[in-house]
Amino acid sequence: MKPSDTCFLLRKQQKRKKWEKYMGKRFKRLKAEMKEISKEQERIKEGQRQVGAKLKAMEKECEQVREETRQILEQSANTQIRLALMLNILKAREQRDFAKAAHFTRLLREIVAGDNCKNEGAL
């Protein structure tokens, strides 16, 4: 073997070692980056789970508010009906139309009795 051949082989080995060292460092760096990306993805997933849980809680609360609003509207409508019947009873009595007053009084009693049954059933 010639001396130039040995130099060539030495250079080739050095280059290979340098390349292996470079690739080893690069591999470690990529591995560390992948580990960090995995951690970040896990944090994102956890955040998504938390957001999902908060969204469900908000939806439940919205439904509860809707139900409460519906009940308030129903109560308000019932109150308006009762007030209108009471006013009609007073007007009928003023006009001495006792049959009409008795009719409105009976209607009012039926409504109040129906509301009392609903309230007892709800308890």
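This one's a predicted model, so the numbers in the text were calculated from it and none came from an experiment. Going along each chain's sequence as written, the residues are numbered from 1 onward. With pLDDT at 70 or above as the cut-off, local features in this predicted model cover only qualifying residues; side-chain atom pairs require 80 or more to be listed or tallied, and sums for whole chains, interfaces and linings still use all residues. Hydrogens are left out, water is left out, and the side-chain values use all remaining heavy atoms of the structure.

Q: Could you give an account of the overall build of the protein chain, with specific residues and numbers?
A: A run of H or I in DSSP becomes a helix once it reaches four residues, and a run of E becomes a strand once it reaches two; helices and strands are each numbered from the N terminus. Each helix and strand counted, the protein chain has two helices and zero strands in total. Here the radius of gyration uses the C-alpha set of atoms, whereas the globule reference equals 2.2 Å times the residue count to the power 0.38. Compactness check: the protein chain gives a C-alpha radius of gyration of 43 Å against a globular reference of 14 Å for 123 residues, more than 25% above the reference. Throughout this description, buried means an accessible area under 20% of the type-specific maximum (1.4 Å probe, protein chains only), exposed means over 50%, and partly exposed covers the range between. Put simply, the protein chain has 123 residues, and 7% of those count as buried.

Q: Explain unusual backbone geometry to me, using residue names and the numbers behind them.
A: The phi torsion at R96 lies on the positive side, around 60 degrees, for a residue other than glycine. Tracing the sequence through the fold places R96 in the loop between α1 (3-94) and α2 (98-122). For R96, a relative accessible area of 64% translates into the label exposed.

Q: How would you sum up the pattern of salt bridges? Please name residues and give values.
A: By definition, a salt bridge exists where a carboxyl oxygen of Asp or Glu is found within 4 Å of a side-chain nitrogen of Lys or Arg. Taken as a whole, this structure holds eight salt bridges when the rule is applied. Between R49 and E42 there is a salt bridge; the shortest N-O distance is 3.4 Å. Classification of R49 by relative accessible area gives partly exposed; the value is 46%. Each member of the salt-bridge network shares a partner with another, and the members are E36, E40 and R43.

Q: Break down a nonpolar patch on the surface for me, with residues and values.
A: On the surface, W19, Y22 and M23 cluster together into a nonpolar patch covering about 330 Å² of accessible area. Within the secondary structure, Y22 sits in helix α1. Patches in this entry comprise residues that are over 30% relatively accessible and not in a salt bridge; like charges within 9 Å are linked, as are nonpolar side chains (Val, Leu, Ile, Met, Phe, Trp, Tyr) within 5 Å. Here, Shrake-Rupley sampling with a 1.4 Å probe gives the accessible areas, and only protein chains in the shown set may cover a residue.

Q: I'd like to hear about the packing of aromatic side chains, residue by residue, with values.
A: Aromatic rings in a pair are described by how distant their centres are and how their planes are angled relative to each other. Between the rings of Phe, Tyr and Trp (Trp by its six-membered ring), a pair exists once the centres lie within 6.5 Å; its type follows the angle of the planes, with under 30 degrees stacked, over 60 edge-to-face, and the other angles tilted. A full pass over the atoms with the stated rule returns one aromatic pair. Where W19 meets Y22, the ring centres are 5.7 Å apart and the plane angle is 40 degrees; that geometry is what we call tilted. Note that W19 and Y22 are positioned in helix α1 at a spacing of three residues, about one turn of the helix. For Y22, a relative accessible area of 42% translates into the label partly exposed.

Q: With reference to specific residues and values, describe the side chain of T105.
A: Relative to the helices and strands, T105 is located in helix α2. We call two residues in contact whenever any of their non-hydrogen atoms come within 4.5 Å of each other. Once residues within four sequence positions are removed from consideration, T105 is found in contact with I89 and R93.

Purely spatial values, then, with no claim about function.
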